[in-house]
Amino acid sequence: MIRSILLVCALALVPTMACAADPTIIEAARQEGSLAVADTAPGENFQKFMAAFKAKYPFLDIATGFYSAPTGRVLARVNAEIDARRLSFDVMLAANTAAWIEMTEQGRVARYDSPEYAAVAAGAKMDGYWAAAQAIGVVPVYNRNTLPAGAAPKSWRDLLRPEFTDHRLAIQNAAAGTQFNWNYLLEHALGPDFPRKFAAQGPMVMATGAQLTDAVTRGEVVIAAALDHWRAFTPEATQAGLVAVYPAEGMPVTLAPVGILAGAPHPNAAKLFIDYILSQEGQRLLDTELYGMYSMRSDVPPPAGQKPLAETHPLLPADAHDYVQASRDFPRHFEDLFH
């Protein structure tokens, strides 16, 4: 049994120098010739990241085995392949830390001591197994063309005001890792009554963050109450008038860890990928430049226009076992709240 970890946010780190890839690993990866990634990062930006990785290692076929889908579907497919002993994937990036903890304890994650782990904040990794490739804040977002700034919420409790009832708010459904984090972390920060009072507001429930973004852009809802923070900072969102709120009580943070799957068919290609995606170069490209997300490396600055992560008062879970159990119970809990 792997030692339990406490996901406590540790943001002050001494930056480490990037290490050159091991020539032995490079040659072994060349012989493998392929890399298969299962990914939950949305949109075409991840393909741009993969193209940058391909430029570094042109001998790898990265297209044939690539699979991208929402978190729940990626986890279901990867675990089904493992159960059937027909694993086709080498690496998984999935925004569900509870699933990573559970899969590591079940022996489904391969051990690899990447030299880049040292630069990742202590609360965002399980050394030797996985580390956060992306950190996603969950925030309320409104449209200044629909809601005046003076009427906008400043805190999570402001969402309970009477003017935000009857489908004026929207959240994601239970399949979204960010929605689980939102519920879990705000229950702990604000008390168990908060989600029940929020549910009584009658929010709309949507399948994806993209749908929430479209709904608040078009004015179909007044506030996207649990939206991935980066969506409010894209050029399209800014032009449309979307504004992210950093709530006074703190910002729930969803980590999207990356790691190598046990039994990966191309383990050396997977090691090259892990080293690149967690490197300072890879994190600047993936998080700062392509997605506008936070990195859990201290030597990677926040994207332009965003507060430094520490200033958002990030909320992260403190008890790994409780977090995993709550994740298992979440679909039922969500249904009880938002049926």
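Please refer to the structure higher up on the page.
The rules behind the values
- Residues numbered from 1 in each chain as written.
- Predicted model: local features only at pLDDT ≥ 70, side-chain atom pairs only at ≥ 80, totals over all residues.
- Heavy atoms only, no water.
- Helix = DSSP H or I, 4+ residues; strand = E, 2+ residues; numbered from the N terminus.
- Rg over C-alpha atoms; globule rule 2.2 N^0.38 Å.
- Contact = heavy atoms within 4.5 Å.
- Areas by Shrake-Rupley, 256 points an atom, 1.4 Å probe, with all protein chains shown as cover.
- Phe/Tyr/Trp six-rings, centres within 6.5 Å; stacked < 30°, edge-to-face > 60°.
- Buried < 20%, exposed > 50% of the residue type's maximum accessible area, 1.4 Å probe, protein only.
- Polar contact = N/O pair within 3.5 Å; in protein donor to acceptor, adjacent residues only side chain to side chain.
- Salt bridge = Lys/Arg side-chain N within 4 Å of Asp/Glu carboxyl O.
- Core = buried A, V, L, I, M, F, W, Y, C linked by side-chain atoms within 4.5 Å.
- 1 Å grid on protein atoms, 1.4 Å probe; cavity = no way out; pocket = protein on both sides within 12 Å on 5 of 7 lines; lining within 4 Å.
- Points joined across faces, edges and corners; volume = space filled by probe spheres on them.
- Nonpolar A, V, L, I, M, F, W, Y, C, P; charged D, E, K, R; others polar.

*Asks:* Sorry if this is basic, but what is going on with the overall build of the protein chain here?
*Replies:* When helices and strands are tallied, the protein chain shows 11 helices and 11 strands. Scaling as 2.2 N^0.38, a compact globule of 339 residues should have a C-alpha radius of gyration of about 20 Å, and the protein chain matches this with 20 Å. Dimensions of the protein chain, computed from the C-alpha atoms along their principal axes, are close to 65 × 40 × 35 Å. Here the analysis covers contacts within the protein chain between residues at least 6 apart in sequence; of these, 78% occur between residues at least 24 apart. Summing over all exposed atoms, the protein chain offers an accessible surface of approximately 14,000 Å²; the carbon and sulfur share of this is 54%.

*Asks:* How do you make sense of the packing of aromatic side chains when you look at a structure like this?
*Replies:* Inspection of the entire model under this criterion finds 22 aromatic pairs. Residues F53 and F273 carry aromatic rings whose centres are separated by 5.1 Å and whose planes lie at 85° to one another, so their mutual orientation is edge-to-face. Note that F53 is positioned in helix α2 (residues 45-56) and F273 in helix α9 (residues 267-277), a separation of 220 residues in sequence. Relative accessible area serves as the criterion here: at 0%, F53 is assigned to the buried category. Among the aromatic residues, ring-to-ring pairing joins W156, F180, W182, Y184, F194, F198, Y323, F330, F334 and F338 into one connected group.

*Asks:* How should the side chain of R108 be read in this particular structure?
*Replies:* Structurally, the position occupied by R108 is in the loop between α4 (97-105) and β4 (125-126). A distance of 2.4 Å separates the side chain of R108 from the side chain of D83, its partner in a polar contact. Those residues in contact with R108 that lie beyond four places of it in its chain are N79, I82, D83, M103, L261 and A262.

*Asks:* How should the environment of P308 be read in this particular structure?
*Replies:* Turning to its location among the elements, P308 is positioned in the loop between α10 (280-291) and β11 (314-315). Residue P308 is classed as partly exposed on the basis of its relative accessible area, which comes to 34%. Residues P308 and Y294, 14 residues apart in the sequence, show an inter-C-alpha distance of 8.5 Å. Setting aside chain neighbours within four positions, we find P308 in contact with Y294 and P302.

*Asks:* When you look at the pattern of salt bridges in this model, what are you seeing that I'm missing?
*Replies:* Side-chain pairs of opposite charge can arise where the charged atoms are in close proximity. Within this structure, the stated rule accounts for 17 salt bridges. Notably, a salt bridge pairs E44 with K48, separated by 3.9 Å at the nearest N-O pair. Since its relative accessible area comes to 44%, K48 is described here as partly exposed. Between D83 and R108 there is a salt bridge, with its nearest N and O atoms 2.4 Å apart. Within this pair, whereas D83 is found in helix α3 (residues 71-83), its partner R108 is found in the loop between α4 and β4, the two being separated by 25 residues in sequence. A relative accessible area of 18% means that R108 is categorised as buried.

*Asks:* Looking at this structure, how should I read the nonpolar core?
*Replies:* What tends to happen in soluble globular proteins is that the nonpolar side chains get buried as a cluster. In this structure, F46, F273 and I277 are the most contacted members of the largest nonpolar core, which totals 66 residues. When residues no more than four places from it in sequence are discounted, the contact partners of I277 are F46, F49, L93, A133, V258, G282, Q283 and L286. Counting 53 residues, the second-largest nonpolar core is a separate cluster that includes V74, I82, M126 and V324.

*Asks:* Would you explain the layout of surface pockets in this entry?
*Replies:* Rolled over the atoms, a probe with the dimensions of a water molecule shows which regions are left empty. The calculated volume of the largest pocket comes to roughly 450 Å³. For the largest pocket, the lining is made up of 28 residues, of which T40, P70, T71, Q172 and R231 are closest to its centre. Secondary structure elements with two or more residues in the lining of the largest pocket: α3, β5 (130-143), α5 (177-190) and α7 (209-218). Here the element with the most residues in the lining of the largest pocket is α3; it accounts for three residues. Of the residues contributing to the lining of the largest pocket, the split by class is 14 nonpolar, 11 polar and three charged. Lining the second largest pocket are 18 residues; nearest its centre among them are N45, W230, T234, L290 and Y291. Secondary-structure elements contributing two or more residues to the lining of the second largest pocket are α2 and α10. Tallied by class, the residues present in the lining of the second largest pocket amount to eight nonpolar, six polar and four charged.

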